[in-house]
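Below are the chains, spelled out letter by letter.
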Amino acid sequence: MTDHPTTPDVGLPEGIDDAVRAELTSLRESIDNIDAAVVHMLAERFKATQRVGRLKAEHKLPPADPARERDQIRRLRELAAGAKLDPVFAEKFLNFIIAEVIRHHEAIARS
Ligand SMILES: C=C(O[C@@H]1C=C(C(=O)O)C=C[C@H]1O)C(=O)O
């Protein structure tokens, strides 16, 4: 897998204190690692949902399953609260992903 590294000190002003530059750079390196993990996890999730979409289309099932979504959102909100992440944000994030998945499923069903 090819990585395309960022330049974590990009945008930091010339005269910034050395210790502050070092801490910001280190934090940005962690952020870059986390973002890479998020991309890889999302790619795996979409691989699975594409397979769900093909199965649903083959068996004439509807693209969306609102009961499943409610169950996932309830779980994710609880996980978020336990992890000190805003549950409202977690719900918005999951809904954003699910909307894209449903769009894919509709396209598969039409194809
Ligand atoms: C993936 C599915 O299809 C849709 C997408 C979902 C998701 O991305 O998690 C959940 C429910 C469905 O609306 C599914 O039914 O499991």
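Here we summarise the structure given alongside this text. (Residues numbered from 1 in each chain as written. Predicted model: local features only at pLDDT ≥ 70, side-chain atom pairs only at ≥ 80, totals over all residues. Heavy atoms only, no water.)

Okay, the pattern of salt bridges next. According to the stated counting rule, one finds 6 salt bridges in the structure shown. In this structure, Glu100 engages Arg103 in a salt bridge whose closest nitrogen and oxygen atoms are separated by 2.8 Å. With a gap of 3 residues between them, Glu100 and Arg103 both fall in helix H3 (residues 87–110), about one helical turn apart. Note on Glu100: relative accessible area 28%, which makes it partly exposed. When salt bridges with common partners are traced through the structure, they connect Asp71, Arg74 and Glu78 into a single cluster. (Salt bridge = Lys/Arg side-chain N within 4 Å of Asp/Glu carboxyl O. Helix = DSSP H or I, 4+ residues; strand = E, 2+ residues; numbered from the N terminus. Buried < 20%, exposed > 50% of the residue type's maximum accessible area, 1.4 Å probe, protein only.)

With 41 residues, helix H1 (residues 18–58) ought to run about 60 Å at 1.5 Å a step, and its terminal C-alpha atoms sit 60 Å apart, in line with that. By the burial criterion, the buried members of H1 are Thr25, Phe46, Thr49, Gly53 and Lys56. Two residues or fewer past H1, Lys60 is found with a positive phi of approximately 55°. (Expected span 1.5 Å × (residues − 1).)

Summed over the entire model, instances satisfying the criterion amount to 1 aromatic pair. Taken together, a centroid distance of 6.1 Å and an interplanar angle of 20° make the contact between Phe89 and Phe93 stacked. On the criterion of helical spacing, the pair formed by Phe89 and Phe93 is a turn pair, its members being 4 residues apart in helix H3. Using a relative accessible area of 37% as the deciding quantity, one classes Phe93 as partly exposed. (Phe/Tyr/Trp six-rings, centres within 6.5 Å; stacked < 30°, edge-to-face > 60°.)

For the rest of this paragraph, the subject is the site of the ligand. Around the ligand, 14 residues are found, and the nearest of them are Arg45, Lys56, Asp65, Glu69 and Gln72. Within the contact set of the ligand, an oxygen atom lies 2.4 Å away from a side-chain nitrogen or oxygen of Glu69. Residues of the shell around the ligand, tallied by class, amount to 6 nonpolar, 3 polar and 5 charged. (Near = heavy atom within 4 Å. Polar contact = N/O pair within 3.5 Å; in protein donor to acceptor, adjacent residues only side chain to side chain. Nonpolar A, V, L, I, M, F, W, Y, C, P; charged D, E, K, R; others polar.)

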